[in-house]
Protein chains: 2
Amino acid sequence: MNIAFDMMGGDFAPLEAVKGLQIYLSGTSRPATIFCIGDEAQLKPLFDEYKLSGNSNLRLIHAPEIIGYHEPPTRALKEKPNSSISVGFGLLSKGMVDAFISAGNTGAMLVATMYTIKTIDGVSRPTIPTIVPKLNGATGLLLDVGLNVDCKPEHLNHFAILGSQYAQHILNIENPRVGLLNVGEEEGKGNQLCKETYPLLKENTKINFAGNIEGRDVFQDKADVIVCDGFTGNVILKLAESVYDVALNRNVHDDEYFNRFHYEQYGGTPVLGVAKPVVIGHGISNDKAFMNMISTAEKMIETNLCANIQQSFSA
Amino acid sequence: MNIAFDMMGGDFAPLEAVKGLQIYLSGTSRPATIFCIGDEAQLKPLFDEYKLSGNSNLRLIHAPEIIGYHEPPTRALKEKPNSSISVGFGLLSKGMVDAFISAGNTGAMLVATMYTIKTIDGVSRPTIPTIVPKLNGATGLLLDVGLNVDCKPEHLNHFAILGSQYAQHILNIENPRVGLLNVGEEEGKGNQLCKETYPLLKENTKINFAGNIEGRDVFQDKADVIVCDGFTGNVILKLAESVYDVALNRNVHDDEYFNRFHYEQYGGTPVLGVAKPVVIGHGISNDKAFMNMISTAEKMIETNLCANIQQSFSA
């Protein structure tokens, strides 16, 4: 198993990326082979310092350019073919690695995914989900959280399948319940999008539809997979992330539940609906976040997630 | 000043309504005259018990019918002309009272408001806001939270004016900053609705536009008034309400901030954009919530909110 890892992406890269790599390697007996992409001059001394030099599971791939956070994605990708993101997608599209992970420029990651990795046949729109910590200890999924800010009913119907596959294979939830985020519980409630989406979900035999889910139920365990348009999902994602900060601000420290809202637990966000595993990390990723990103990619490869998704859309 | 008060609306009515009335009266030296609408047979003994009988500021108005929570609003209003909600709107539309408050069937309250109280000239859509507690102690407003689940840019532009007027006159915020809820900070970000709304807000000389606001900023003090479509707003409202329950669940008790998420602090939700003050309470309103609803109505009357709104739309 080969994973390409952008060592230069993120506010605290490459140091935290190197530390994350070390944590990953020390925690597994059969590690994947990691293609570490980045500036050799910066990486070599860090690999020495963290005793990673000479590790047979690592390949250092030199990429002298970096796409900054505020660069316009499409132009940056064009002008910087030797950036860590461009090189990573090159390796992935050529089949030299099985997955690519990066905490770099999110827009560039998404644009490159769309341009270089094929959308799975039948999927109307790839999507990005987020993990939702439930009060009872369970873990749910919410999607889309920003890739598709204007959605049609068919898109939400596809998010339901994509989310169910991820919940089943990666979160190990059997027959995951799908909820439609809405303003009321009864069928017929909602905006135009929800009213038209509800019957599609109800008739979709590839999912286990559990009906409408209201805002108050997001942290309750009424559904494993909650689907919504990417505008609403993005607002909720960022609001939920801020709950962790609110808790800290109110001196609620080391609370098992509130801690689960912390980004580092997520292990990045997979892009679902494309033919190969791509995981995008948070810009402020620390070592633990990077380690979790590698683990997420590893699990996506191991479980053949993309092939399973492909099958569920072709059946 | 005359306020009509539906004593029968809410899960814990009429008892909590009577207790709320008592708290209100004991806390003010110059109370409004309250038209207490409800079933005399139930109200009289409670008025005796809570020493309200004979109080010159109270008028008991008999209304033998009640519209239940799950009744379809339009039909219920038609079939129950002697319900507390129907009687209340009768008093308000005839000018016998200056405001009407109820914690009864929300749908019936909204339908009756639309049918019996005139929308202010120039207002494209009346709206309902919610109070947002900010981490720094400030109080903000978010609207629409459910009256308009499908919105056009013009609607959000009007919500901005309506919210600004409420923030200025009722929350005493001078020159309130208006934020557009969005998925990014920069102009040009967002779904179609936001992209088209941004320039309208920017050019609107009746408001103090502060740009885009992301989900993570809702509890921060970046804007006093946050506008969004009623679908997104309703999801956030219910999610924010659940934060209080989450805090309780995590044994965070008596926290000054989290307590501000509790519905009883809100004093109900005003309907903004209609010619007379209408305040709708939460179905689970307790005495404190009812007391706050009366205070909100009182303040709306005192500050001539509806006339001020009328003026801001005619100028």
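Bear in mind the structure is a predicted one, so any value in this text is a computation, not a measurement.

**Student:** Describe the relation of the copies chain B and chain A, with residues and values.
**Tutor:** It takes a turn of 180° to lay chain B on chain A, together with a shift of 0.0 Å along the axis; the resulting RMSD is 0.0 Å. In the structure described here, the two chain copies are related by an operation that fits a two-fold rotation axis. Relative to the rotation axis, the C-alpha of B:T232 is the closest in chain B, positioned 2.9 Å from it. Comparing interface residues between copies, 100% of those in chain B also lie at the interface in chain A; the contact surface is shared.

**Student:** Summarise the sheet that holds strand β7 (residues 177-181) of chain B; cite the residues concerned and give the values.
**Tutor:** All names here are of chain B. Taken together, the 5 strands give an open sheet; going across it, the order is β5-β6-β9-β7-β8, and neighbouring strands pair in mixed fashion. Sheet topology places β5 (129-133) and β8 (208-213) at the edges, where each strand pairs with a single neighbour. Recorded for the sheet is a direction-independent mean angle of 30° between the axes of neighbouring strands. Of the pairings in the sheet, the one linking β7 to strand β9 (residues 225-227) comprises 3 bridges and is parallel in character.

**Student:** Give a detailed account of the domain arrangement of chain A, specifying residues and quantitative values.
**Tutor:** All names here are of chain A. For chain A, the assigned domains are domain 1 (1-123 + 273-304) and domain 2 (124-263). Residue-level contacts link 16 residues of domain 1 with 13 residues of domain 2. Interface of domain 1 and domain 2: buried area, both sides summed, is about 1200 Å²; carbon and sulfur atoms make up 69% of it. Together, V123, H282 and K299 form the three largest contributors to the area buried by domain 1 at its contact with domain 2, with a combined 36%. On the surface where domain 1 and domain 2 come into contact, there are 0 salt bridges. For the side of domain 1 that touches domain 2, the secondary structure elements donating two or more residues are α5 (106-116) and α10 (287-302). The leading source of residues in the side of domain 1 that touches domain 2 is α10, at 4 residues. When its residues are assigned to classes, the side of domain 1 that touches domain 2 shows 7 nonpolar, 8 polar and 1 charged.

**Student:** Break down the interface of chain B and chain A for me, with residues and values.
**Tutor:** The partner chain A presents 36 residues to the 36 residues of chain B that form the contact. For the pair chain B and chain A, the summed buried area comes to about 3300 Å², and 69% of that belongs to carbon and sulfur atoms. For chain B, the biggest contributors to the area lost against chain A are B:F231, B:L239 and B:R250; these three give 21% of the whole. Our count for the contact surface shared by chain B and chain A stands at 2 salt bridges. A:E214 is paired through a salt bridge with B:K238; the nearest N and O atoms lie 2.3 Å apart. Linking chain B with chain A are 6 residue pairs in polar contact (both at pLDDT 80 or more), by the criterion used here. Of all elements in the fold, only α7 (192-203), α8 (230-249) and α9 (256-259) of chain B reach the threshold of two or more residues within the side of chain B that touches chain A. By residue number, the principal contributor to the side of chain B that touches chain A is α8(B), which donates 14 residues. Class assignment for the residues of the side of chain B that touches chain A results in 17 nonpolar, 10 polar and 9 charged.

**Student:** Run through the packing of aromatic side chains, naming residues and quoting values.
**Tutor:** By convention here, two paired aromatic rings are described through the distance between centres and the angle between planes. Residues and elements named next belong to chain B. Here the structure, examined in full by the defined rule, presents 6 aromatic pairs over all chains. Plain terms: the ring middles of F5 and F290 are 5.6 Å apart, the flat faces sit at 50° to each other, and that makes the pair tilted. Separated by 285 residues along the polypeptide, F5 in strand β1 (residues 2-6) and F290 in helix α10 (residues 287-302) bring together distant segments of the chain. A relative accessible area of 0% places F5 in the buried class.

**Student:** Lay out helix α1 (residues 15-26) of chain A with the relevant residues and their values.
**Tutor:** Structural remark: α-helix, 3.6 residues per turn; residues separated by three or four positions point the same way. Residue and element names in this part refer to chain A. Between its first and last C-alpha atoms α1 spans 17 Å; for 12 residues at 1.5 Å apiece the expected length is 16 Å, and the two agree. For α1, the full list of buried residues reads E16, A17, V18, G20, L21, Y24 and L25. In this fold, the buried residues of α1 make contact with β1 (2-6), β2 (33-38), α2 (40-49), β3 (58-62) and α10.

**Student:** Can you break down the packing of helix α1 (residues 15-26) of chain B against helix α2 (residues 40-49) of chain B residue by residue, with the values?
**Tutor:** Residue and element names in this part refer to chain B. It is at 10 Å that the axes of α1 and α2 come closest, and there the two elements cross at 40°. Considering the angle they form, α1 stands oblique to α2. Pair α1 / α2 crosses with right-handed handedness. Touching L15, V18 and L21 of α1 are L43, L46 and F47, all from α2. Of the residues that constitute the contact of α1 with α2, the class distribution is 6 nonpolar, no polar and no charged.

**Student:** Can you explain the pattern of salt bridges? Please cite residues and give values.
**Tutor:** For side chains bearing opposite charge, pairing can occur when the charged atoms are close. Following the criterion strictly, the structure yields 22 salt bridges over all chains and no others. For B:D121, the salt bridge goes to B:K118, with nearest N and O atoms at 3.6 Å. Given the relative accessible area of 56%, B:D121 is considered exposed. If you follow the salt bridges from partner to partner, you end up with A:R177, A:D221 and A:D224 in one network.

**Student:** Could you give an account of unusual backbone geometry, with specific residues and numbers?
**Tutor:** Residue A:P14 is reached from A:A13 by a cis peptide bond, and omega for that bond is 0°. As for its placement among the helices and strands, A:P14 is situated in the loop between β1 and α1. In this structure, the amide linkage connecting A:L143 to the following residue, A:D144, adopts the cis form with an omega of 0°. Located in the positive-phi region is B:N172, a residue other than glycine, with phi close to 55°. Locating B:N172 in the fold gives a position in the loop between α6 (153-169) and β7. By relative accessible area, B:N172 is classed as exposed at 56%.

Definitions and limits used
Residues numbered from 1 in each chain as written. Chains lettered and ligands numbered in written order. Predicted model: local features only at pLDDT ≥ 70, side-chain atom pairs only at ≥ 80, totals over all residues. Heavy atoms only, no water. Least-squares fit on C-alpha atoms with pLDDT ≥ 70 in both. Contact = heavy atoms within 4.5 Å. Pairing = 2+ DSSP bridges. Helix = DSSP H or I, 4+ residues; strand = E, 2+ residues; numbered from the N terminus. Axes fitted to C-alpha atoms, helices over the stretch in contact; angles between N-to-C directions. Domains from an automatic or database assignment. Buried area = accessible area lost by both parts, 1.4 Å probe. Salt bridge = Lys/Arg side-chain N within 4 Å of Asp/Glu carboxyl O. Nonpolar A, V, L, I, M, F, W, Y, C, P; charged D, E, K, R; others polar. Polar contact = N/O pair within 3.5 Å; in protein donor to acceptor, adjacent residues only side chain to side chain. Phe/Tyr/Trp six-rings, centres within 6.5 Å; stacked < 30°, edge-to-face > 60°. Buried < 20%, exposed > 50% of the residue type's maximum accessible area, 1.4 Å probe, protein only. Expected span 1.5 Å × (residues − 1). Parallel < 35°, antiparallel > 145°, perpendicular 65-115°, else oblique. Left-handed = near helix turned anticlockwise from the far one by under 90°.

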